[in-house]
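Residue-level structure breakdown
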Amino acid sequence: MSHTLRTIGLRKRFGRTMVLDGLDMAVPEGAIYGLVGPNGAGKSTTIKILMNIHKASGGRAEVFGRDSRKISPRRDLTRIGYVSENQEFPEWMTVEYFMAYLKPFYPAWDDERAEELLRQFELPRDRKLMHLSHGMRMKAALASSLAYRPQLIVLDEPFTGLDSLVRDELIEGLLESAEGATIFISSHDLAEIESFASHVGYLDRGRMQFSEEMSSLIQRFREVEVTLEAPAPRANGWPPTWLSVEQSAALVRFVDAQFDGEKSMADVRRVFGEESAVAVRPMPLRQIFVTLARAGRKAA
Amino acid sequence: MRQALHILKKDARHLWFEIVIVLAVTAAFAFVGARRAFWLDDPNANRSVAWTMVQILLPLAWWILIARVVYSETLPGDRQFWTTRPYRWTSLLGAKLLFIAMFVNLPWFIADVIILRAYGFAPESQLAGLFTAQLLISVAFLLPVAAVCAVTSGFVQLLSAGFVLFVVVLAWNTAFPQLVLGATWGAFNWIAVYCAILVAGFGALVILIWQYARRKTWSNRAVAAVAAITVLAGAALIPWTSAFAVQSRLSKQQIDVHSIQVLFDSDRKWLARVRPDRFGTAVGIELPLKIDGVPPGIEAKAEGLTMQVVGPDGTTRQGARRPWMQIDSDRQLSTLMSEVDGPFYQSVKDKAVKIRGTLYLTLFGNRRTTLIPFGGERIATRGMGICSAHRTGGGSSMGYIYLLLCASPFRTAPDLITVHFEERGKDVFREIRPDAVRRMISYSPLPADLDISPVSQYFTLTQFPRELSDVAIDDAEPLEHVTREFELDGLRLGEFEVK
C-alpha cells in the first residue's frame, strides 16, 4: 500500500524540550487520517515538519514518497491543500480577490468549483478577510484549498473555536469536495473527527500511542464485565491485552484490546472459571481513547 | 517571471497608499532640487531647508515602502499562509526586487534627470553618473534595508534592530573615534567607504537569497551581525598604505618621478618644532619638508607619510601617528608632523639622527584656466561642473561682494582648484583671493559618489572695494599617486625643542 504521508523515527527538539520523540506514522493514500492528542502532544509540529515549515531534529518525514525537506512548490504544493487554525492570512484581501490571487498559482484551479465552494460556504465575496469571523475565515481558507482539487489536504486543528453548525458545514464541504484525496487532520478532540475519519492515530507527548484503521479499532476493543459466582481473591497477572481492570468482590470489569470472539471468551473462562457470567459490550471510540491514553501514561 | 509579476501586481495594489507617498516625496525632491538650480542665477535663492527636508524624507519613505513590501510576505515565523502555497522563492524575491526597482529606483532616476536638466547638465551625457548613483544607493541602502526586513517579522523588530545598530555605532564611535568609517582619510575615504558598501551589499545579497530560499532567520541574523561589525571595523581593517597602493594602481597617467626628492627645508628651518609633552612620555616633531625636482607643469601634494627616527647607535623609533596624520600639506608647503616616545628622544636629542621614511604624493597636472565673467552666466568649468559668478552690493563703503557658485553632477572632481577674483585692465592681473573652493573631494574612479542628491553645490566669496571683471578658475587634474623614499640626515632634534 502506498502512503501519502509517512514519518519514520521523527524527532523534534525545541531547546531542551523534546516535542516529537521517534514518531512513526503512515497515512495510506485516500485515507482520512485523524491525528488526535492533547494540546502540546506534537500534532502541529508533526504537520509543520511534513509541510517543510519546520526542520526535524532527526528521523525522516515523507510526503508523496519524498523527503518533506524537498517539497517543491511546483511539483508538490500545487497538490496540497493546507489549512491551519492559526494561519495568518492577507487580511486586506477580499474573499473574491483572495481566490483570484491564488488561482494563477495552481494549474489545476477549477473556477466552477471555486464558485461552488463560495456558494456552499456562503462566503461574502466583497468582504475583507480581516472582517470575517473565525469560522468564515476557516471556510475561506478551506475553499481556497479545495478549488484546485488537491491530492492531499492537511488540516491543523481546523475546528478549534468553531460552533458545531460551522464545524458540520466545514466537514460537509470537505467531504463533498475532497473525493479521492488523502485527508490528514489533527485535532485535540476525538469527537470532531470520529464521525468521518477512516484512520486514527493517538499522539501523546511526542509519541504515537497507536495508529490504525478506525473500523479495526472499534472491532478489537470490547468492554468485558464478569460476574463471579463467589467472591474471588484479587488476582494478578491478567493478560496484557486487558486494560483498565477494575475488580470488586464479585465483579471484574476490563477492556480487552484484542477481542477476538471465542478465543477471548475462552481466556475469560480460563481466568474466572466456567460458572461466571460474562457480558461483552462494544465501546464508543471516546472510551477506547480514554482507556488507551490511561494505559499509555501508566506504562510511561 | 509570470509568478513574480503576479505577486508584484498584488503588492502594488495592496501598497498603493505607500507608493503614492513615495511618489509624492520623490516629486517634491525633484521639484525642490530643480528649483535649487536657480541658485546659480540668483545667490539669494537659497532652498537649503526644503532641500535638507526632502533629502531626509525620501530615504525614510523608501525605508517604509521597502519594509511594507517585504512584510507583505513576512519570512520569519511559521504561520504565514504563503509558506504552504506554491510560491517559488525566486519569484517572491524577484517580485520584491522588481517592486523596489519600479517604485524606488525608477522615480528617483527620473527625479535626478529633472534636476540635472534644471542645472543645465544634459542627462544623456550623465548616464554613467545616473546609473552609478542608482547602483551605489541600491547596494549601500536599499538592499541592506530589504535584508534587515527579511530577517525581522515586523516594524517593532525592525525598529529594535535599528536601535541596537544605533547604540553599537554610537558606542563604536565613542570608543574608537579614530576608526570611524572613512572619517579621516580625506580624498582616500572612498576606499574604506566602498569596501564597507561592498561588504554591506554582499552581506545583504547573501541574506536575501538565503532567507528567501531557506528562511534560515537566525543564521541570517548572524550574517547581518557579522556584516555590520565588518562594516564598522572596515576602516580599521584596511591599512591606509594599502589604500594608497590601490589608489596608485588606479592612476590616470605615468609620470617620471625619479627626479622628485624629499628634503629638509632649511629655508624654513624656523618652522621646525620639537615639543615634549608635559609628562615626558611623548615628543611631537614638526619638520618643514621641501619637495624638489617635481617635473614642470606638475604640482605635488603630500597625502601621507611614514617615518622612523634612527639614532646614532642604530636604534630606531617609528613615528607614532597614522600616515595621513603625519603630514600637513598646504599646496607648496609640507610639514612632517610625527611623534616619538619621550625616553628615546631624551637619549638622542643632542645627537645627529637620521629620519628615514616614505612620502605619499599625488601629482596634479593638465592645468587649465576658465574665466567666468561676473553677471550670472552659467559656464561649464572643468573640475567644477557649471559655475556662475556674481557681484552684489556696490557704492557703499563696504565695497562689493563677489561670489563664485558652482554645481557639480554626482560628485566633485578631485582636481586641485585655485580661484582668483581678478581685476582686468591692469598691467598685472591682481589676485584678490587665491583659494581652493571648500569642498569634499574623493579620488574615486567612479562617476558618482554615494549621495542621494544628483548635484553638489559649493561656493566661495570675497569682498573688494572696486569693480572686478571676472573669476579665473585654475584647475589641475590628479594624474598619479606615487611614493618617494627619503632620508633626512644629521638632524639634531634638540635644536628645535620648544622650551
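The structure displayed is predicted, hence computed values, not measured ones.

Before going further, it helps to spend a moment on the overall build of chain B. A tally of helices and strands in chain B yields 10 helices and 14 strands. For chain B, buried positions account for 39% of its 499 residues. Partitioning the intrachain contacts of chain B with sequence separation of at least 6 by distance along the chain shows that 76% fall at a separation of at least 24.

Moving on: the overall build of chain A. Of regular secondary structure, chain A possesses 9 helices and 14 strands. Across its three principal axes, chain A shows a C-alpha extent of roughly 75 × 40 × 35 Å. Residues classed as buried in chain A amount to 38% of the 300 residues present. Summarising the internal contacts of chain A: among those between residues at least 6 apart in sequence, 74% fall at separations of at least 24.

It is worth spelling out helix 1 (residues 43–50) of chain A at this point. Residues and elements named next belong to chain A. Burial of helix 1 is extensive: 8 of the 8 residues sit out of reach of the surface. Every buried residue belonging to helix 1 is among Lys 43, Ser 44, Thr 45, Thr 46, Ile 47, Lys 48, Ile 49 and Leu 50, and all of these are buried. Of the residues one or two after helix 1, Asn 52 is the one with positive phi, at around 65 degrees.

Here we come to the packing of helix 3 (residues 48–71) of chain B against helix 5 (residues 127–150) of chain B. Residue and element names in this part refer to chain B. Two elements in contact, helix 3 and helix 5, have axes whose closest approach is 9 Å; the angle formed by their N-to-C orientations is 40 degrees. By the angle between their directions, the pair helix 3 and helix 5 is classed as oblique. Considering only the axes of helix 3 and helix 5, their crossing is right-handed. Here helix 3 contributes Pro 59, Trp 62, Trp 63, Ile 66, Ala 67, Val 70 and Tyr 71 to the contact with helix 5, which in turn contributes Phe 141, Leu 142, Val 145, Ala 146, Cys 149 and Ala 150. Partitioning the contact of helix 3 with helix 5 into residue classes produces 13 nonpolar, no polar and no charged.

Each partner contributes to the interface: chain A provides 20 residues, whereas chain B provides 13 residues. Each residue belonging to the side of chain A that touches chain B can be placed in one class, and the counts come to 13 nonpolar, 4 polar and 3 charged.

For the rest of this paragraph, the subject is the sheet that holds strand 7 (residues 152–156) of chain A. Residue and element names in this part refer to chain A. The 6 strands lie next to each other as 6-7-8-3-9-10, forming an open sheet whose pairing is mixed. Here the strands that pair on one side only, and so sit at the sheet edges, are strand 6 (80–84) and strand 10 (207–213). The mean angle between the axes of side-by-side strands here comes to 10 degrees, regardless of whether they run parallel or antiparallel. Bridge analysis of strand 7 against strand 8 (residues 182–187) gives 5 bridges, and the strand direction is parallel. Note that in strand 8 the partner of Asp 156 across the bridge is Ser 186. Each of strand 6 and strand 7 touches helix 4 (residues 134–146); the most contacted strand, strand 6, lies at about 170 degrees to it.

Residue and element names in this part refer to chain B. Closest axis-to-axis distance for the helix 2 (residues 16–36)/helix 4 (residues 89–119) pair is 8 Å, and the angle between their directions is 15 degrees. Here helix 2 is positioned roughly parallel relative to helix 4, judged by the angle of their axes. Seen from above, helix 2 lies across helix 4 with right-handed handedness. Contacts from Ile 19, Val 22, Leu 23, Thr 26, Phe 29, Ala 30, Gly 33 and Ala 34 in helix 2 reach Phe 103, Val 104, Pro 107, Trp 108, Ala 111, Ile 114, Ile 115 and Ala 118 in helix 4. Residue classes in the contact of helix 2 with helix 4 are distributed as 14 nonpolar, 2 polar and no charged.

This brings us to the environment of Lys 128 of chain A. All names here are of chain A. Examined against the element boundaries, Lys 128 turns out to sit in the loop between helix 3 (111–120) and helix 4. Taking the C-beta count within 10 Å as the criterion, Lys 128 has 16 such neighbours and is therefore assigned partly exposed. Separated by 32 residues in sequence, Lys 128 and Glu 96 have C-alpha atoms that sit 8.8 Å apart. Contact partners of Lys 128, with chain neighbours within four places excluded, come to Glu 91, Trp 92, Met 93 and Thr 94.

With that settled, the discussion passes to the nonpolar core. If you look at the biggest cluster of nonpolar residues, it comprises 130 residues, and the most contacted ones within it are Leu 65, Ile 66, Leu 142, Ala 146, Ala 147 and Ala 150 of chain B. Residues contacting Leu 65 of chain B, with those up to four places away along its chain left out, are Leu 15, Glu 18, Ile 19, Val 22, Phe 103 and Val 104 of chain B. With 77 residues, the next largest nonpolar core counts Tyr 106, Ala 140, Ala 178 and Leu 203 of chain A among its residues.

For chain A, the domain assignment lists domain 1 (3–217) and domain 2 (222–282). One C-alpha centre belongs to domain 1 of chain A, the other to domain 2 of chain A; they are set 41 Å apart.

What follows concerns the sheet that holds strand 5 (residues 316–318) of chain B. All names here are of chain B. What the 5 strands build is an open sheet, ordered 5-4-8-14-12; its pairing is antiparallel. One side of each edge strand has no neighbouring strand; the edge strands of this open sheet are strand 5 and strand 12 (416–422). With direction set aside, neighbouring strand axes in the sheet form an average angle of 30 degrees. Note: strand 12 against strand 14 (residues 470–491), 7 bridges, orientation antiparallel. Within the sheet, the bridge partner assigned to Val 419 lies in strand 14 and is Ile 473. In the packing of helix 9 (residues 240–249) onto the sheet, the strands contacted are strand 4 (299–310), strand 8 (353–373) and strand 14, and the crossing angle to strand 14 comes to about 125 degrees.

This part is about the domain arrangement of chain B. Residues and elements named next belong to chain B. Per the domain assignment, the segments making up chain B are domain 1 (2–238), domain 2 (261–354 + 485–496) and domain 3 (365–480). Here domain 2 and domain 3 have C-alpha centroids that lie 35 Å from each other. Facing the 4 residues of domain 2 at the interface are 4 residues of domain 3.

Within the chain, Arg 205 of chain A stands out as a residue other than glycine whose phi angle is a positive 50 degrees. Looking at the element boundaries, Arg 205 of chain A is found in the loop between strand 9 (199–204) and strand 10.

Cut-offs applied
Residues numbered from 1 in each chain as written. Chains lettered and ligands numbered in written order. Predicted model: local features only at pLDDT ≥ 70, side-chain atom pairs only at ≥ 80, totals over all residues. Helix = DSSP H or I, 4+ residues; strand = E, 2+ residues; numbered from the N terminus. Buried ≥ 20, exposed ≤ 12 C-beta atoms within 10 Å, placed from the backbone. Contact = placed C-beta atoms within 7 Å. Axes fitted to C-alpha atoms, helices over the stretch in contact; angles between N-to-C directions. Parallel < 35°, antiparallel > 145°, perpendicular 65-115°, else oblique. Left-handed = near helix turned anticlockwise from the far one by under 90°. Nonpolar A, V, L, I, M, F, W, Y, C, P; charged D, E, K, R; others polar. Pairing = 2+ DSSP bridges. Core = buried A, V, L, I, M, F, W, Y, C linked by C-beta atoms within 7 Å. Domains from an automatic or database assignment.

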